[in-house]
Amino acid sequence: AAKPVASGAVASSPAWLRLLLPAAAFAVLGGAAYVWIAPSSGGGDTQVERPNLPDVFAEIRPIECADPTACTKVAQEQYQGAMALLEHEPEDLLSKYKIARSLHRAKLALPPGATALPELASYYDQARQSFETSLADVRFRYHRAKERDDLTEQLSTIENIRSICKEEQLSFCIAIELTYQKLREQQ
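Residues numbered from 1 in each chain as written. Predicted model: local features only at pLDDT ≥ 70, side-chain atom pairs only at ≥ 80, totals over all residues. Heavy atoms only, no water.

Remarks on the confidence of the model for the chain
The pLDDT averaged across the chain works out to 79; a share of 72% of its residues lies at or above 70. Across residues 1–36, confidence stays below pLDDT 50; counting only partners more than four residues off in sequence or on other chains, it has 17 contacts. Throughout residues 39–51 the model reports pLDDT below 50, and contacts reaching past four residues in sequence, or to other chains, amount to twelve contacts. (pLDDT = per-residue confidence, 0-100. Contact = heavy atoms within 4.5 Å.)

Notes on helix α3 (residues 93–109)
In an α-helix, one turn spans 3.6 residues, which is why side chains three or four residues apart end up on the same side. When the terminal C-alpha atoms of α3 are compared, their 24 Å separation across 17 residues agrees well with the 24 Å that a helix rising 1.5 Å per residue should span. Most of α3 is tucked away, with 14 of its 17 residues classed as buried. (Helix = DSSP H or I, 4+ residues; strand = E, 2+ residues; numbered from the N terminus. Expected span 1.5 Å × (residues − 1). Buried < 20%, exposed > 50% of the residue type's maximum accessible area, 1.4 Å probe, protein only.)

Examining helix α5 (residues 151–167)
The end-to-end C-alpha separation of α5 is 25 Å, in line with the 24 Å expected for 17 residues at 1.5 Å each. The sharpest bend along α5 comes to roughly 25°, located at Ile-161. Buried within α5 we find Leu-151, Gln-154, Leu-155, Thr-157, Ile-158, Ile-161, Arg-162, Ser-163, Ile-164 and Cys-165. In this structure Asp-150 caps α5, since a side-chain oxygen of it lies 3.3 Å from the backbone nitrogen of Thr-152. (Bend = angle between axes of the 7 residues up to and from the residue. Polar contact = N/O pair within 3.5 Å; in protein donor to acceptor, adjacent residues only side chain to side chain.)

Some details on unusual backbone geometry
Despite not being glycine, Glu-89 shows a phi value in the positive range, around 45°. On the accessibility criterion, Glu-89 (63% relative accessible area) is exposed. One non-glycine residue, Asp-149, lies in the positive phi region at around 55°.

Topic: the pattern of salt bridges
All told, the structure shown has eight salt bridges when counted by the stated rule. Asp-55 serves as the salt-bridge partner of Arg-128, at 3.0 Å between the closest nitrogen and oxygen. One end of the pair, Arg-128, is in helix α4 (residues 120–147); the other, Asp-55, is in the loop between α1 (14–37) and α2 (68–86), with 73 residues separating them in the sequence. Since its relative accessible area comes to 22%, Arg-128 is described here as partly exposed. Residue Glu-167 pairs with Lys-98 through a salt bridge whose shortest N-O separation is 3.8 Å. (Salt bridge = Lys/Arg side-chain N within 4 Å of Asp/Glu carboxyl O.)

Rendered as structure tokens:
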């Protein structure tokens, strides 16, 4: 039996709900895009604040392996793949991401106390820092282009970040894609 609606109250219907959910989802994703794209608020001239960048490494899952020997082998393969990429001294954001991701996976795969790759930690720290610096640089270039109303440069920097999203869907990729689509519509 249907419940009577009190005088002045609006009855919710499935049609109403279907209209509200996409609008709410768009608002949430728009907020996420703003948080990622918006410049970080400064704390004053004397403070140097690190940009609010997404922690992509928290989303990288380890490669599953059956036992410590298999895990060590996975770690060595990931490490070797990263070293092969490093030989070419890449400067692009995607390659830096792939190197840092491989070293991160190698680190995750190594069993506790393993000594198979003693130099992994230092290479990982360097690769992660290099990637994060490049990502912060791309974000800075985007903001500079936005201040100048340079739509071409904005698209270029967003496409640079989208290369990572094409490689692996990370949580910030939805906001990046929405920003990219919005910029394309302005062309």
